[in-house]
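# Structural overview
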Amino acid sequence: MIDVAIVDTGGANIASVRYALARLGRSGTLVSNPEDLAGASHIILPGVGAAGEAMKRLHASGMADALRNCGQPVLGICLGLQLLCARSEEDGLDCLGVVPGSAQKLQATARRPVPHMGWNTVDFSQKSRLLKGVPTAARFYFVHSYAVPLMDCTTGSTDYGETFSSVIEHRNFFGTQFHPERSSTQGATVLANFMELS
Amino acid sequence: MVARRIIPCLDVRGGRVVKGVQFRGHRDVGGIVELAQRYRDAGADELVFYDIAASPEGRTVDASWVGSVAACLDIPFCVAGGIRSVADAERTLSAGADKISVNSPALEDPTLIDALAKRFGTQCVVTGIDSRRVDGDWIVYQYTGSEKSTRPARRRTLDWVREVQDRGAGEIVLNCMSHDGTRNGYDHEQLNAVREVCTVPLVASGGAGEAEHVRDVFAGTGVDAALAASIFHDNVVQIPALKTLLNRSGIEVRL
């Protein structure tokens, strides 16, 4: 019986998400078969690596359609957030499109190296369900080279020269550009908030 | 904006954290998981585990402890030492490490960086560079695990920095050898020169002897993070006090 389904997007580092769930007393299972989503209470779409490779995998397994039509809470992490959007400039391709928006490359400057790597703050709306109970000054761990501009469904934004969507919430679809599984106590709060959604 | 990071580096051998004692080998300073947890609780932003025996003994990193660290740690960590192939990296990342760092093997075969970046994404691929000034230029060294094996890699540091980031390194740790172990402060001149050509995050390493050195390297150079070992292991600097100092000096940190 699957508790939390972690969708296989081809990345090597799924372990940190599984361990973070275990610390909350939940059990994550890596799934690549759409049928395996049925019994899961929650779905996590992790993502490390390239959008093109991940979408290819999601289409090949039939997971792309299954995710678009699923009813459980879905959390996209990092690249996973970008995959929930309409498009990605990385590899120039269509993503799942459950929310609008398009991931764009962050521009490196002398003062702002890319990837954006490290602990940054999130300016968030009080209506955010993922960030409930998180202090305003909290920092989360980011590591990414692409980001999604602000949208109607943006509930948290982060500044790195430009302001981008760091948290999105739309129907049963949620996303964090940061890694809650690597964001210490505050990250655990975000994951716990997600696990309380139904 | 993003906070500057404090990164303690732990030397690992045989599943334990060890400390080099000059001319007398290494002394055991504790269990890996226990020390990792302690630094996490103190407010470290990230940890680097350096398997000091892997490279000299010609073997790959022993990944058995990586899983134990990943299970308990909720901050990012990087594993360095003994990663020579995509398969080595895969094993380490699958066990739960967030990043892997390559140094001498990348100098032997620079295409290793391309292969790692293509397979895992640039954000996982750190390149360590050991460098020192020779005749008015900065030169890369390799096999720096022991004094006997250390030798110049016949590359200019600034060229190598440009090359590794073109090949897909997502972060560079610059170990300034002439400052390493001196406890006299970081090598600002070299770090500034590298910063000029480095478009990925840059981590300063080598020379920290007191909290003020960390403050000075952030105030005086554009580095994103400061790595240090002995000041933390010897309790010369406590991370909470260091972060308070940095914050009071107007340097953005995670408190």
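Above this text sits the structure in question.
Computed from a prediction, not measured in an experiment: that's the story for all the values here.

All right, on to the overall build of chain A then. Helix and strand content of chain A: five helices and 14 strands. Here the C-alpha radius of gyration of chain A, 15 Å, is about what a compact globule of 198 residues would show, namely 16 Å. Expressed as a percentage of its 198 residues, the buried residues of chain A come to 54%. Taking the intrachain contacts of chain A between residues at least 6 apart in sequence as the baseline, contacts between residues at least 24 apart amount to 67%.

The next thing to look at is the nonpolar core. Counting residues in hydrophobic clusters, the biggest one holds 148 residues, and the most contacted among them are Ile100(B), Ile172(B) and Ala226(B). If sequence neighbours within four positions are ignored, Ile100(B) has contacts with Cys78(B), Val79(B), Ile83(B), Ala89(B), Thr92(B), Leu93(B), Cys124(B), Val125(B) and Val126(B).

Contacts between chain A and chain B engage 30 residues on the former and 30 residues on the latter. In terms of residue count, strand β8 (residues 116-121) of chain A provides more of the side of chain A that touches chain B than any other element does, five residues in total. Tallied by class, the residues present in the side of chain A that touches chain B amount to 16 nonpolar, 10 polar and four charged.

Moving on to the environment of Arg87(A). Residues and elements named next belong to chain A. Along the polypeptide, arginine 87 turns up in strand β5 (residues 87-88). Sequence separation between arginine 87 and valine 99 is 12 residues; the distance between their C-alpha atoms is 9.7 Å. Residues within four places of arginine 87 in sequence aside, it is in contact with Leu93, Asp94, Cys95 and Ser102.

A word on the packing of helix α1 (residues 32-42) of chain B against helix α2 (residues 64-72) of chain B. Residue and element names in this part refer to chain B. Interaxial distance between α1 and α2 falls to 9 Å at its minimum, and their mutual angle equals 30°. Judged by the angle between their axes, α1 and α2 are roughly parallel. As for how α1 packs across α2, the hand of that crossing is right-handed. Here α1 contributes Ile32, Val33, Ala36 and Gln37 to the contact with α2, which in turn contributes Trp65, Ser68, Val69 and Cys72. Looking at the contact of α1 with α2, its residues break down into six nonpolar, two polar and no charged.

Geometrically, the link from Val114(A) to Pro115(A) is a cis peptide bond, its omega value of 10° lying close to zero. Structurally, Pro115(A) can be placed in the loop between β7 (102-105) and β8. Phi at Arg171(A) is positive, roughly 50°, even though this residue is not glycine. With respect to the helices and strands, the residue Arg171(A) is situated in the loop between β13 (162-170) and β14 (173-176). Classification of Arg171(A) by C-beta neighbours within 10 Å gives exposed; the count is 11. One non-glycine residue with positive phi stands out, namely Asp135(B), at about 50°. One can find Asp135(B) in the loop between β7 (125-134) and β8 (137-142). When the 5 C-beta atoms within 10 Å are taken as the criterion, Asp135(B) is described as exposed.

Our focus in this paragraph is the sheet that holds strand β2 (residues 28-31) of chain A. Two modes of strand pairing occur in sheets, parallel and antiparallel, and in both the strands are linked by backbone hydrogen bonds. All names here are of chain A. Overall, mixed pairing links the eight strands, which are arranged β2-β1-β3-β4-β14-β13-β12-β9 in an open sheet. Every other strand in the sheet has two partners, leaving β2 and β9 (123-124) as the edge strands with one partner each. Note: strand β1 (residues 4-7) against β2, four bridges, orientation parallel. Bridge assignment links alanine 5 to a residue of β2, and that residue is threonine 29.

Turning our eyes to something else, we now look at the sheet that holds β7(A). Residues and elements named next belong to chain A. Taken in spatial order, the four strands of this open sheet run β6-β5-β7-β11, and their pairing is mixed. Edge positions in the sheet fall to β6 (93-94) and β11 (146-147), since each of these pairs with one other strand and no more. Direction of pairing for β7 relative to β11: antiparallel, over a ladder of two bridges. Considered in β11, the bridge of glutamine 104 is made with alanine 147.

It is worth spelling out helix α10 (residues 239-248) of chain B at this point. All names here are of chain B. Regarding α10, the residues found buried are Ile239, Leu242, Lys243 and Leu246. The arc that holds every buried residue of α10, seen down its axis, measures 95°, which confines them to one face. Of the exposed residues in α10, those oriented more than 90 degrees away from the buried face are Pro240, Ala241 and Arg248. The elements touched by buried residues of α10 are β1 (5-13), α1, α8 (211-220) and α9 (230-233). The positive-phi residue at the C-terminal boundary of α10 is glycine 250, with phi of around 80°.

Turning to helix α5 (residues 184-196) of chain A, a few remarks are in order. All names here are of chain A. Here α5 is 13 residues long and its end C-alpha atoms lie 19 Å apart, about the 18 Å a rise of 1.5 Å per residue gives. Along α5, the residues that are buried comprise Ser184, Gln186, Gly187, Val190, Leu191 and Phe194. End-on, the buried residues of α5 take up no more than an arc of 155°, which puts them together on one face. Of the exposed residues in α5, the ones pointing more than 90 degrees away from its buried face are Thr185 and Glu196. At its buried positions, α5 is contacted by α1 (15-23), β3 (42-45), β4 (74-77), β10 (139-144) and β14.

This next bit is on the pairing of strand β12 (residues 225-228) of chain B. All names here are of chain B. Because side chains alternate across β12, one face comprises the buried residues Ala225 and Leu227, and the other comprises Ala226 and Ala228, equally buried. The sheet contact formed by strand β11 (residues 202-205) and β12 spans three bridges and is parallel. The residue bridging valine 203 from the neighbouring strand is alanine 225, located in β12. Regarding the hand of the β-α-β motif, the stretch spanning β11, α8 and β12 is right-handed.

Moving on to the pairing of strand β6 (residues 99-102) of chain B. All names here are of chain B. The alternating pattern of β6 places Lys99 and Ser101 on one face and Ile100 and Val102 on the opposite face, and all of these are buried. Where strand β5 (residues 77-80) meets β6, three bridges bridge the pair, whose relative direction is parallel. Bridging from a neighbouring strand, alanine 80 pairs with serine 101 of β6. Crossover β5 to β6 through helix α3 (residues 86-94) is right-handed. Taken together, the three bridges between β6 and β7 define a ladder with parallel strand orientation. Bridge pairing links serine 101 to valine 126 in β7.

Definitions and cut-offs
Residues numbered from 1 in each chain as written. Chains lettered and ligands numbered in written order. Predicted model: local features only at pLDDT ≥ 70, side-chain atom pairs only at ≥ 80, totals over all residues. Helix = DSSP H or I, 4+ residues; strand = E, 2+ residues; numbered from the N terminus. Rg over C-alpha atoms; globule rule 2.2 N^0.38 Å. Buried ≥ 20, exposed ≤ 12 C-beta atoms within 10 Å, placed from the backbone. Contact = placed C-beta atoms within 7 Å. Core = buried A, V, L, I, M, F, W, Y, C linked by C-beta atoms within 7 Å. Nonpolar A, V, L, I, M, F, W, Y, C, P; charged D, E, K, R; others polar. Axes fitted to C-alpha atoms, helices over the stretch in contact; angles between N-to-C directions. Parallel < 35°, antiparallel > 145°, perpendicular 65-115°, else oblique. Left-handed = near helix turned anticlockwise from the far one by under 90°. Pairing = 2+ DSSP bridges. Arc of directions from axis to C-beta. Expected span 1.5 Å × (residues − 1). Right-handed = clockwise from strand over helix to strand, strands pointing away.

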